[in-house]
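# Residue-level structural notes
Spelled out from the first residue to the last, the chains are:
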Amino acid sequence: MPICSCEETINEFETLTRDAGRVQQDTLKKILELNADAEYLNHFGLNGRTDVESYKACIPLCVHSDVEPYIQRIADGDTSPLLTGKPVTSLSLSSGTTHGKPKFLPFNDELLETTLQIFQTSYAFRNREYPIGKGKALQFIYGSKQVVTEGGILATTATTNLYRRPRYKEGMKDIQSQCCSPDEVVFGPDFHQSLYCHLLCGLIYSDEVHQVFSTFAHSLVHAFQTFEEVWKDLCADIRDGVLSDKVTVPSIREAATKILKPNPELADSIQRKCMGLSNWYGVIPALWPNAKYVYGIMTGSMEPYLKKLRHYAGHLPLISADYGASEGWVGANINPTLPPEQVTYAVLPQTGYFEFIPLEKPKGEESENSASIHYIESDPVGLTEVKIGRIYEVVITTFGGLYRYRLGDIVKVAGFHNSTPELQFICRRSLVLSINIDKNTEKDLQLAVEEAGKLLEAEKLEIVDFTSYVEKSSDPGRYVIFWELSSDASEDVLRSCANCLDLAFVDAGYMGSRKIKTIGPLELRILKKGTFQEILDHFLSLGGAVSQFKTPRFVNPLNIKVLQILNSNTTKSYFSTAYGL
């Protein structure tokens, strides 16, 4: 395949989106023809039909638990056509950060191709605004542990399923996005050593780096927080051409040593630049002067990291990466100049079949601030039938064997590109905090934390990370918010923060319950430095991948280990007095 021609890719995208309705019908037909023998489809009496009407009449909307028995049979070695016509040869694992348990999802060659279509489309639009030529990418990407199921099927994260395929590498070469680090660093078994060597390789090739990337904003922030701690060691390695003793994994050590040569000039230059920075502001453009932008998923649960990432990125634009999930892709970012808070995603109508469940709040609950989940649902509508300004839950049918699958994501239609909608990601639909009639989502929690975080700014403090928990063992139950701070705050400020958090939950059910004391005073718990690093390490020890890690914004009571980490690292606790005692 030749180097991806941006112009050709954009022209093809324009053609497909001009007639998105017809492309959707053709895409569904193609998916159903490929998988006509699938037991799942025939169980519901589809019997080889491929038209939209029959499909919607026969196949019900589903969630993961509905398809889990089929996926389990695949994992156990059943090679008959269960969800797809061809046997599924690998499974993807969802992140599992919400409930502490990852889900299996089918992965196949067709999903790989849709991934490349999404990546090439967004690259073409990005390159039109920020041309990067034949440079390298400083990529903080990590393979994850690969497990083989009882039936001999390889199961690993969706990102690792991509990285380990030659077709993916070939596709990435087409869009001129070659990682500075060798494969041994990406697939190294020790995340901390891989991260150290990513930074080292990035510095060695610093003049060639045209973009800085990681799957999530969280891993970018984590990488540069680590850089603050290890930059002197990296300088010493580059100066002497000898890799630090802290890198002990033979495969990582050997690969990094091959590209490390003594370079005192580069070491001096890095040292000079680091010493000249004010509190690490603009470290990325200072050390990678030809970088054009910083790229990664920056919406949803990643928004709280944007402030810190902007600090490291200085004048460089932050560009939010495409919208998808372990289940499949939804849209590409074709407006790369928009800041992450306003980013929209254009749905590529050939990558899957999409439906949208209209969601409406009952009268009296239209408060703009609350992402309350008391939604009234209507029948799903097609891709081209959505209305601007309305909110929907996304339903996908993929080439990977998921049919009318509810993603659980809430999106808003921001506009149209030709006849395909541009979506704004709002939040996950799943509930975060609820004791009785109160209902608050991740977005509500984020808004509350942002509001209370303003009280810390006067003291030049910042929230490193946060999560929450519902304490139901006491009567009445209460919300518990955990904060890790950049340094110590005064007692008065933290008491004010607890009150501010309590008042910032504007869900009517919460406010009413607080007033009549059926929900107790909110508790703010302050954590030791490094607590969230400990949670990340715990997640990795279970076989998770850093590229998939999302700090759980709500800790499920079943996630006992994470609760133990939080409780044992709590140094102080403050109860709100906002509603009186």
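None of the values given here were measured: they were computed from a predicted structure.

### Regarding the nonpolar core
Ranked by internal contacts, the top residues of the largest apolar core, which has 98 residues, are F140, F224, F227, I284 and V294. Aside from chain neighbours lying at most four places away, what touches F140 is L195, H198, L199, V212, F213, S214, L220, A223 and F224. A75, V88, V347 and F425 belong to the second largest nonpolar core, which has 48 residues in total.

### A short note on the pairing of strand β13 (residues 353-360)
Here β13 lies mainly inside the structure; seven of its eight residues are buried. Strand direction decides the pairing type here: β13 and strand β16 (residues 391-397), joined by seven bridges, are antiparallel. What sits directly across from I357, in β16, is E393. The pairing of β13 with strand β15 (residues 381-382) spans two bridges and is classified as antiparallel. Following the sheet pairing, E355 is matched in β15 by G382. Of the pairings in the sheet, the one linking β13 to strand β14 (residues 376-377) comprises two bridges and is antiparallel in character. Within β14, the position partnered with L359 by the bridge is E377.

### Digging into helix α20 (residues 560-568)
Residues of α20 that are buried: V562, L563, I565 and L566. The arc that holds every buried residue of α20, seen down its axis, measures 160°, which confines them to one face. Summarising the geometry of α20, the exposed residues directed more than 90 degrees from the buried face are I560 and S568. Against the buried residues of α20 lie β19 (463-471), β20 (478-485), β21 (523-527), α19 (531-541) and β22 (570-575).

### Notes on the side chain of T420
Tracing the sequence through the fold places T420 in strand β18 (residues 420-428). Within polar-contact distance, the side chain of T420 engages the backbone oxygen of V347 at 2.8 Å.

### Examining the pairing of strand β11 (residues 328-332)
By the criterion of burial, β11 is predominantly enclosed, with five of the five residues buried. Note: strand β10 (residues 323-325) against β11, three bridges, orientation antiparallel. Of the residues in β11, the one forming a bridge with Y323 is G331. The hairpin turn running from β10 into β11, its antiparallel successor, is two residues long. Strand direction decides the pairing type here: β11 and strand β12 (residues 345-347), joined by two bridges, are antiparallel. Each bridged residue has a counterpart across the sheet, and for A332 the counterpart in β12 is A346.

Conventions adopted
Residues numbered from 1 in each chain as written. Predicted model: local features only at pLDDT ≥ 70, side-chain atom pairs only at ≥ 80, totals over all residues. Heavy atoms only, no water. Core = buried A, V, L, I, M, F, W, Y, C linked by side-chain atoms within 4.5 Å. Buried < 20%, exposed > 50% of the residue type's maximum accessible area, 1.4 Å probe, protein only. Contact = heavy atoms within 4.5 Å. Helix = DSSP H or I, 4+ residues; strand = E, 2+ residues; numbered from the N terminus. Pairing = 2+ DSSP bridges. Arc of directions from axis to C-beta. Polar contact = N/O pair within 3.5 Å; in protein donor to acceptor, adjacent residues only side chain to side chain.

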